[in-house]
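Residues per chain, in single letters:
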Amino acid sequence: MNPIDELRAARPAHLGDGPVDEETRRTELAHAMAQGRPARRRRNLRPVWGLSLAGAAAAVTAFAVLTAGTGGGTAPRAPSQALTQPEAGETVKLSAQEVLLVAAIRAEREPATTGRFWHTESVDRMLFVASAGYVMAQEQRIRTWVTAGEQWSEMRTLAAEPATDEDRARWEAAGSPKEVEIPVPGKKGGMRLVTTEAGKPHTGHHKSRYAYWLGRNVTLADLASLPEDEAGLKAWLLEHYEGKDTEGDRPMGEDAWLFRVSAGLITDMPVSAKVRGAAFRMLAALPSVTSVGTVTDSQGRKGTAVSIETDVKVNNADTSRGVVRDRLIIDEESGRALGRESVVVRPGGLWAGLAPGTVSSSSAVVEAGWSDTRER
């Protein structure tokens, strides 16, 4: 079926018939990446692989390919050309709501799979502005395996390197330092990035019935019993919404909170196809979500992005607020998300030296699915 016809058939009544027109976690992730070890757990459990941009993004909202055994795990695919290219003589422009509804339709068609472990592999990338003014980039590669009551993770921090050719020239002019000083607002002494070599892989093993975070700590059983309709899912999530950020006391609107919390559910959590579809439909009904269009993620994959704007504040003591856009990159063909990114709108805080439009952090999902095996 043509995507536009699918939309007409699936659009909820409240959207009508016509066209529908971080922060504490950032600082923790920044410090962990600089030191080459996982961030410490907060009082509210969030596994190291849940770094958001909910997992390192909502961290940043601020790491490729592993075959996931026989359990049916699949890597996100390239976006459907039918959704991005108009037919001859026809101009098709999809709004954020339409993009999300198409993704919901496709997500709900995904066949159910199972396995012993829920396995994810991601690449997280984050920019840092050095005291000397140039910008450094650092990546983490993260692999996780989750089963009821037990979780395993492996994280490797790569050596930091200049973000662009211009930054490299400035870094080399400064003597190509092996360690780069990074100022952190509200934190005396800042932090240091190592540029000479990658850190050693850090493995973790944790026993707990809580496996993920959705505005609260949740178990695999909780995820398996989530409401499969958008209204029910929204109500379930909002039971723990208190008008503030998911990490800290910074005020946050309901739309931004739902976007941030449900992005992790959509991207890398073991939920049913119907629940993932419900999450897309819920986001489609949020008036603050806008369409970005086609973008390329940190792994060179193209997808369609939707986003929402929020302000940022580092360490609560920082008075230099900035504005970022949290965006979700979607593969509409499969109804899966390729990853999440944080884009600078107004520089401030940790990214005071970045130009508007810069992707300050990203989390790209390379693998997410069930597996019967776990690498040791």
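Numbering of residues starts from 1 in each chain and follows the order in which that chain's sequence is written. Residues qualify for local features only when their pLDDT is at least 70, as the model is predicted, and side-chain atom pairs are given and counted only at 80 or more; totals for whole chains, interfaces and linings, by contrast, use all residues. Each side-chain value is derived from all of the structure's non-hydrogen atoms; neither hydrogens nor water enter the calculation.

Chemist: I keep staring at the overall build of the protein chain and nothing clicks. Help me out?
Modeler: Numbering of helices and strands starts at the N terminus; helices are DSSP runs of H or I of at least 4 residues and strands are runs of E of at least 2. Of the regular secondary structure elements, the protein chain holds nine helices and 16 strands. A simple rule labels every residue: compare its accessible area, found with a 1.4 Å probe on the protein chains alone, to the largest value its type can have, and call it buried under 20%, exposed over 50%, or partly exposed in between. Burial statistics for the protein chain: of 376 residues in total, 55% are counted as buried. Here the open area of atoms and residues is found with the Shrake-Rupley method and a 1.4 Å probe, where only the protein chains shown may cover a residue. Surface accessibility of the protein chain: about 15900 Å² in total, with carbon and sulfur atoms responsible for 47%.

Chemist: Mind showing me how you'd approach helix α9 (residues 273–284) here?
Modeler: An α-helix turns once per 3.6 residues; consequently, residues spaced three or four apart project the same way. To estimate the expected span of a helix, count its residues, drop one, and scale the result by 1.5 Å. With 12 residues, α9 should reach 16 Å at 1.5 Å per residue; the first-to-last C-alpha distance of 17 Å fits that figure. Counting buried positions along α9 yields 11 of 12 residues, so the element is predominantly enclosed. All of the buried residues along α9 are Ala 273, Val 275, Arg 276, Gly 277, Ala 278, Ala 279, Phe 280, Arg 281, Met 282, Leu 283 and Ala 284.

Chemist: I would appreciate a short explanation of the environment of Glu 333 in the present structure.
Modeler: Within the element layout of this structure, Glu 333 appears in the loop between β14 (322–331) and β15 (336–346). Taking the C-alpha atoms as reference points, Glu 333 and Ala 107, 226 residues apart in sequence, are found 8.3 Å from one another.

Chemist: So what exactly am I meant to see when it comes to the pattern of salt bridges here?
Modeler: If the charged atoms of two oppositely charged side chains come close together, the side chains can form a pair. Just to be clear on terms, a salt bridge is a Lys or Arg side-chain nitrogen sitting within 4 Å of an Asp or Glu carboxyl oxygen. Under the definition given, this model contains 14 salt bridges. Between Asp 268 and Arg 340 there is a salt bridge whose closest N-O contact spans 3.4 Å. Remark: Arg 340 occurs in strand β15 and Asp 268 occurs in helix α8 (residues 254–268); sequence separation between them is 72 residues. For Asp 268, a relative accessible area of 10% gives the class buried. Judged by its relative accessible area of 2%, Arg 340 is buried.

Chemist: I'm lost on the environment of Lys 274 in this one. Help?
Modeler: Relative to the elements of secondary structure, Lys 274 occurs in helix α9. A C-alpha to C-alpha distance of 9.7 Å links Lys 274 and Glu 230, two positions 44 residues apart in sequence. Note on definitions: a residue-residue contact is assigned when non-hydrogen atoms from the two residues lie within 4.5 Å. Discounting chain neighbours no more than four positions away, the residues touching Lys 274 are Glu 108 and Glu 228.

Chemist: I'm lost on the environment of Ala 368 in this one. Help?
Modeler: The topology assignment puts Ala 368 in strand β16 (residues 359–371). Ala 368 sits 247 residues away from Glu 121 along the chain, and the two C-alpha atoms are 6.6 Å apart.

Chemist: Help me understand the packing of aromatic side chains in this model?
Modeler: Here the distance between the centres and the angle between the planes together describe a pair of aromatic rings. Stacked, tilted and edge-to-face pairs are distinguished by plane angle, under 30 degrees for stacked and over 60 for edge-to-face with tilted covering the rest, among Phe, Tyr and Trp rings (Trp via its six-membered ring) whose centres lie within 6.5 Å. Considering all chains together, one arrives at three aromatic pairs under this definition. Ring centres 5.3 Å apart and planes at 55 degrees place the aromatic pair Tyr 241 and Trp 257 in the tilted group. Separated by 16 residues along the polypeptide, Tyr 241 in the loop between α7 (230–238) and α8 and Trp 257 in helix α8 bring together distant segments of the chain. Residue class for Trp 257 comes out buried when judged on its relative accessible area of 2%. It is Arg 216 that lies over the ring of Trp 236; its NZ or CZ is 3.8 Å from the centre. Lysine NZ or arginine CZ positioned within 6 Å of the ring centre and within 35 degrees of the ring normal marks a charge as sitting over the ring.

Chemist: Quick question: what am I supposed to make of the packing of α7 against α9 here?
Modeler: Axes are the key here: two packed helices are described by the angle between their axes and the distance separating the axes. Axis definition: a line fitted to C-alpha atoms, over the contacting stretch in the case of helices. Angles run 0 to 180 degrees between N-to-C directions. Between α7 and α9, the least distance of the axes is 8 Å, while the angle of their chain directions is 80 degrees. Overall, the two elements α7 and α9 adopt an arrangement that is roughly perpendicular. Across from Glu 230, Leu 233, Lys 234 and Leu 237 in α7, the residues of α9 making contact are Val 275, Ala 278, Ala 279, Arg 281 and Met 282. Angular relationships are summarised with four words: roughly parallel below 35 degrees, roughly antiparallel beyond 145, roughly perpendicular across 65 to 115, and oblique for the angles in between.

Chemist: Help me understand the pairing of strand β4 (residues 135–147), please; the structure alone is not making it clear to me.
Modeler: Each regular strand shows side chains that alternate between the opposite faces of the sheet. Counting buried positions over the 13 residues of β4 gives 12, a clear majority of the element. As judged from the 12 bridges shared by strand β3 (residues 117–129) and β4, these two strands associate in the antiparallel manner. If you follow Arg 125 over to β4, its bridge partner there is Glu 139. Between the end of β3 and the start of β4, which pair antiparallel, lie five residues, with Gly 133 showing a positive phi angle near 105 degrees. The pairing criterion for strands is at least two bridges between them, as found by DSSP. Pairing geometry for β4 and strand β6 (residues 161–162), over two bridges, is antiparallel. From the neighbouring strand, Ala 137 faces β6, where its bridge partner is Glu 161. Between β4 and strand β5 (residues 150–157), which pair antiparallel one after the other, the connecting turn spans two residues, and Gly 149 there sits at a positive phi close to 85 degrees.

Chemist: Looking at this model, I keep getting lost on the nonpolar core. Mind explaining?
Modeler: Nonpolar side chains in soluble globular proteins generally cluster together in the buried interior. Residue types Ala, Val, Leu, Ile, Met, Phe, Trp, Tyr and Cys, when buried and joined through side-chain atoms within 4.5 Å, form a set referred to as a nonpolar core. Membership of the largest hydrophobic core comes to 49 residues, with the highest contact counts inside it found for Leu 214, Leu 265 and Leu 328. Examining the composition of this core, we find that eight residues originate from one element, α8, more than from any other. If you look at the next biggest cluster of nonpolar residues, it comprises 20 residues, including Ala 137, Trp 171, Trp 351 and Leu 354.

Chemist: Looking at this structure, I do not really get the confidence of the model for the protein chain. What am I missing?
Modeler: Reading predicted coordinates in detail is not appropriate for stretches of low pLDDT. The predictor rates its confidence in each residue with pLDDT, a number between 0 and 100. This prediction gives the protein chain a mean pLDDT of 77; 72% of its residues lie at or above 70. Counting interchain partners and residues more than four positions distant, the pLDDT-below-50 stretch residues 1–91 has 271 contacts. Low pLDDT, under 50, characterises residues 314–319; the predicted model gives this stretch 15 contacts beyond four residues in sequence or across chains.

Chemist: Can you help me understand the packing of α8 against α9 in this one?
Modeler: At a minimum axis separation of 10 Å, α8 and α9 run at an interaxial angle of 155 degrees. With respect to α9, the element α8 is oriented roughly antiparallel. Our pair here, α8 against α9, has a crossing hand that is left-handed. Mapping the contact onto sequence places Leu 258, Phe 259, Ser 262, Leu 265 and Ile 266 in α8 and Val 275, Arg 276, Ala 279, Phe 280, Met 282 and Leu 283 in α9. Residue composition of the contact of α8 with α9, by class: nine nonpolar, one polar and one charged. Left-handed is the label given to a crossing in which the near helix is rotated counterclockwise from the far helix by less than a right angle, and right-handed is the label when the rotation is clockwise. Each residue is assigned to one class: nonpolar for Ala, Val, Leu, Ile, Met, Phe, Trp, Tyr, Cys and Pro, charged for Asp, Glu, Lys and Arg, and polar for all the others, Gly among them.

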